[in-house]
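# Chain and residue survey
As a plain string of letters, each chain reads:
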Amino acid sequence: MKDILNARFTVEMIRTVTNMYAHGWDERNGGNVSLLLDAAELEDYGLVKTLRTIPMGFSAPSLAGKAFMVTGTGKYFKNVQYDPELNLGIIRIARNGCDAELLWGYSDGGKFTSELPAHLMSHVSRLAADPKNRVIMHCHPNNILAMSFVHKLDEREFTRSLWRMCTECMVVFPDGVSVLPWMLCGTNEIGIATAEKMRANRLTVWAQHGIYGAGRDLDETFGLIETVEKAAEIYMKIAHLPVLNTIRDDELRLIAKHFGVTPRDGYLD
Ligand code: 2HA
Ligand code: ZN
């Protein structure tokens, strides 16, 4: 029997949340990550039996039978590497679409992140857009948060400001960022609103809270957030200074053409 602690996806999850903590994106119990797994592969690790059934409080019928590794509620990213089985869990969505079947983890009797609605509903949106999507990631990067206080929350304007901050931005997130106004977190409502945004692109800023990213693997998703956070950092460094130079729209178009990416429709003048 293979050991789940040595599984490639477990090792990558531990490395990723450890790195997120090291970047200062996940103070205390901040942030949460979910990773879509191959349910059949879990049999190799002996993970077939339901240890506990945990109601989710919402319904995601299209995910029935799918398995996810999800960070635990109230758990600190900095501690995951020292006790993965306590701080992480693997759940399979039950046939009724409303319950989570715990296959591994949350060993203190805990459960998945309070943001499970936003995660699973966003998985549904992203899988519809890209069947290879596997990751939803949420965290609280300083500069994205700061920018959400001083920049208009119009998502076209927000995206354009970010694109102009570093040449690479257009290459990394040509689909732009969506922005949600402040909302109460941990609710089905913010989950529905986030998933609605995630139909169009892979990044959603939660004003005065943080960001959601989606991607095909943990590295790609981390890199998306890392790039937005870098752009937001430059923005915060220059926002109060007279700006003498910028990247113009025709130059943004040139970057997109050169790197073969399509900018979000209507976002360039
Ligand atoms: O889990 O980040 O949004 C802590 C959070 C809630
Ligand atoms: Zn949060």
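In what follows, the accompanying structure is described. (Residues numbered from 1 in each chain as written. Chains lettered and ligands numbered in written order. Predicted model: local features only at pLDDT ≥ 70, side-chain atom pairs only at ≥ 80, totals over all residues. Heavy atoms only, no water.)

## Looking at the pairing of strand β9 (residues 210–215)
- Across the six residues of β9, six count as buried, placing the element largely inside the fold.
- Along β9, one buried face is formed by G210, Y212 and A214 and the opposite face, lined by I211, G213 and G215, is buried too.
- Relative to β9, strand β6 (residues 135–139) runs antiparallel, the two sharing five bridges. Bridging across to β9, M137 finds its partner in G213.
- In the sheet, strand β8 (residues 203–206) pairs with β9 via four bridges, with the strands oriented antiparallel. (Buried < 20%, exposed > 50% of the residue type's maximum accessible area, 1.4 Å probe, protein only. Helix = DSSP H or I, 4+ residues; strand = E, 2+ residues; numbered from the N terminus. Pairing = 2+ DSSP bridges.)

## Focus: the environment of R264
- Here R264 lies in the segment after α10 (249–259).
- The sequence separation of R264 and A200 amounts to 64 residues, and the corresponding C-alpha distance is 9.0 Å.
- Not counting the four nearest positions on each side in its chain, R264 is found in contact with W163, P174, D175, S178, A200 and N201. (Contact = heavy atoms within 4.5 Å.)

## Examining the site of ligand 1
- With respect to spatial proximity, the complete set of residues near ligand 1 consists of N29, G30, G31, N32, E115, H138, H140 and H209.
- A distance of 3.4 Å separates an oxygen atom of ligand 1 from a polar backbone atom of N29.
- Here the shell around ligand 1 is built from residues that sort into no nonpolar, seven polar and one charged. (Near = heavy atom within 4 Å. Polar contact = N/O pair within 3.5 Å; in protein donor to acceptor, adjacent residues only side chain to side chain. Nonpolar A, V, L, I, M, F, W, Y, C, P; charged D, E, K, R; others polar.)

## Description of the pairing of strand β4 (residues 88–93)
- Taken across its six residues, β4 has five buried, putting it largely inside the fold.
- As paired strands, β4 and strand β5 (residues 99–105) are joined by five bridges and run antiparallel to one another. What sits directly across from I93, in β5, is A100.
- Hairpin geometry of β4 and β5 is characterised by an intervening segment of five residues between the two adjacent antiparallel strands and by a positive phi of about 75° at G97.

## What about the pattern of salt bridges?
- This model, assessed by the stated rule, comprises 14 salt bridges.
- A salt bridge links R156 to E157, with the shortest nitrogen-to-oxygen separation between them at 3.4 Å.
- Measuring nitrogen to oxygen at the nearest pair gives 4.0 Å for the salt bridge that ties R202 to E220. You can see R202 sitting in the loop between α8 (188–198) and β8 and its partner E220 sitting in helix α9 (residues 218–238), a full 18 residues away along the chain.
- Salt bridges here are not isolated pairs; linked through shared partners, they connect R156, E157, R160, D249 and D269. (Salt bridge = Lys/Arg side-chain N within 4 Å of Asp/Glu carboxyl O.)

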